[in-house]
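As a plain string of letters, each chain reads:
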Amino acid sequence: MEEKKTILESTLERYRGTAGAGDQQALIALLREVQQLYGCVPTVIQQRIAQATETSPSLVAALVKRIPGLTEAEYRHQITVCTGPRCSSKGGIAVLRAIQDALGILPGETTTDGRFHLETRNCLKNVVTLRM
Ligand code: FES
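As the structure is a prediction and not an experimental result, all values here were calculated from the model.

Notes on the side chain of threonine 111
For threonine 111, the location among the structural elements is in the loop between α6 (92–103) and β2 (116–121). Owing to a relative accessible area of 11%, threonine 111 belongs among the buried residues under this scheme. Ignoring anything within four residues of it in the chain, the contact list for threonine 111 reads Leu103, Ile105 and Phe116.

Written as structure tokens, this is what we have:
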């Protein structure tokens, strides 16, 4: 853990003066390096990045949410089950219950090993989420 913190600080130092100077591509590159280091960009690290690069915390948070491949979540896979009317009528709720039983979690929860996070959506028709 201490080693990661040291690597984070040296990474922040490398990007100082570029990522915080309105260079959004540099900020995204910095976020990708942090994602590689931690497997995610947790909120506390986002705050450290914003502070170190003199960037708005809301900009950092927005980039983490919008850039594919970046996540603030500390889980490996997110499972999203549609509970909308069309999918429910075709067995969507049964699928949700089967996943809940198999993983032992409810929607909004993460397995204790941090591998799976379960979410529900009312309709996925216009949502494209791909997280590996
Ligand atoms: S109801 Fe399931 S995708 Fe729309």
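Next comes the rest of the description.
So, the pattern of salt bridges
All told, the structure shown has 3 salt bridges when counted by the stated rule. Salt-bridge contacts for glutamate 13 lead to arginine 16; the nearest nitrogen and oxygen are separated by 3.1 Å. Taking relative accessible area as the criterion, glutamate 13 reaches 49% and is therefore assigned partly exposed. For arginine 16, a relative accessible area of 36% corresponds to the partly exposed category. Across the pair arginine 14 and glutamate 33 runs a salt bridge, and its minimum N-O distance is 2.6 Å. On the criterion of sequence distance, the pair formed by arginine 14 in helix α1 (residues 2–15) and glutamate 33 in helix α2 (residues 24–38) is long-range, its members being 19 residues apart.

Thoughts on the domain arrangement of the chain
Along its sequence, the chain is carved into domain 1 (2–66) and domain 2 (77–131). With centres defined by C-alpha atoms, the gap from domain 1 to domain 2 works out at 30 Å.

Reading the values: the criteria
Residues numbered from 1 in each chain as written. Predicted model: local features only at pLDDT ≥ 70, side-chain atom pairs only at ≥ 80, totals over all residues. Heavy atoms only, no water. Helix = DSSP H or I, 4+ residues; strand = E, 2+ residues; numbered from the N terminus. Buried < 20%, exposed > 50% of the residue type's maximum accessible area, 1.4 Å probe, protein only. Contact = heavy atoms within 4.5 Å. Salt bridge = Lys/Arg side-chain N within 4 Å of Asp/Glu carboxyl O. Domains from an automatic or database assignment.

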